[in-house]
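# Architecture and fold: a report
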Amino acid sequence: LNQKFTVLYIRRLEGAESEPGRQIDIIKELVKQWRVSLIGADYGGGFDRNDILLRTFGPRMVFKYQYSTVSSKIKWDSGLARFMLNRTEVMSDIFNAIKRRDVFSFPKWESFSQPFGQDMLNIFSEFSETRRVNEYRKSRGVTDDAFHCILYAFCVSTLTNPRPDVFNSQK
């Protein structure tokens, strides 16, 4: 069950690097440098970049993920050509795996805390009376990008190495 995967969320892109065209150039450089074999992309908000990634690397390498309220934890939707994730369930699974300390390893806190560790600490759970479940949220004005990057990278890595120890009821 030991599987290595690398999250290519090296730094927060700011200034000129945050421009979509420059982001793609950075991703291309990192894919080549790290010899990346699979890319897990966030469906929401990245339509233009996801299109370029798909055209550049192809559908056998780039997989899109979208949070949804699907009944299955993780479900491939062939009509939409993307995975649908039950947000609360997959986030819970990743948080539990992090807490167990048997799946993920992180750099020393001093080098990880800003901004990545803080992104993860910005997430809290709250009970939704309407849905009758705990939901994960973050406060306004803070980011949680590093956590979701880890989640998507881990999800895409399970395409070649399933992890029933993390996603225990994957359908």
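This report concerns the structure included in the present document.

Turning our attention to the packing of helix α1 (residues 20-34) against helix α2 (residues 47-57). Two elements in contact, α1 and α2, have axes whose closest approach is 10 Å; the angle formed by their N-to-C orientations is 35 degrees. As for the relative orientation of α1 and α2, their crossing is right-handed in sense. Contacts from Pro 20, Gln 23, Ile 24, Ile 27, Lys 28 and Val 31 of α1 reach α2 at Asp 48, Arg 49, Ile 52, Leu 53, Thr 56 and Phe 57. Residue composition of the contact of α1 with α2, grouped by class: seven nonpolar, two polar and three charged.

Looking now at the pairing of strand β2 (residues 62-68). Across four bridges, the pairing between strand β1 (residues 39-42) and β2 is parallel. Counted as the bridge partner of Ala 41 is Lys 64 from β2. Across four bridges, the pairing between β2 and strand β4 (residues 82-86) is parallel. Paired with Tyr 65 across the strands is Phe 83, a residue of β4.

Our focus in this paragraph is the sheet that holds β4. Adjacent strands of a sheet pair through backbone hydrogen bonds, lying either parallel or antiparallel. Taken together, the four strands give an open sheet; going across it, the order is β1-β2-β4-β3, and neighbouring strands pair in mixed fashion. Two strands close off the open sheet at either side, each with one partner strand: β1 and β3 (74-77). Taken pair by pair, the neighbouring strands of this sheet meet at an average axis angle of 35 degrees, ignoring direction. Sheet topology note: the β3/β4 ladder contains four bridges and is antiparallel. Looking at the pairing, Trp 76 lines up with Phe 83 of β4. Against the sheet, helix α3 (residues 87-100) engages β2, β3 and β4, with an angle of about 80 degrees to β4. Each of β1, β2 and β4 is contacted by helix α5 (residues 145-157), which is oriented at about 120 degrees to β2, the strand it contacts most.

Rules used throughout
- Residues numbered from 1 in each chain as written.
- Predicted model: local features only at pLDDT ≥ 70, side-chain atom pairs only at ≥ 80, totals over all residues.
- Heavy atoms only, no water.
- Axes fitted to C-alpha atoms, helices over the stretch in contact; angles between N-to-C directions.
- Helix = DSSP H or I, 4+ residues; strand = E, 2+ residues; numbered from the N terminus.
- Left-handed = near helix turned anticlockwise from the far one by under 90°.
- Contact = heavy atoms within 4.5 Å.
- Nonpolar A, V, L, I, M, F, W, Y, C, P; charged D, E, K, R; others polar.
- Pairing = 2+ DSSP bridges.

Taken by themselves, the reported measurements are silent on function.
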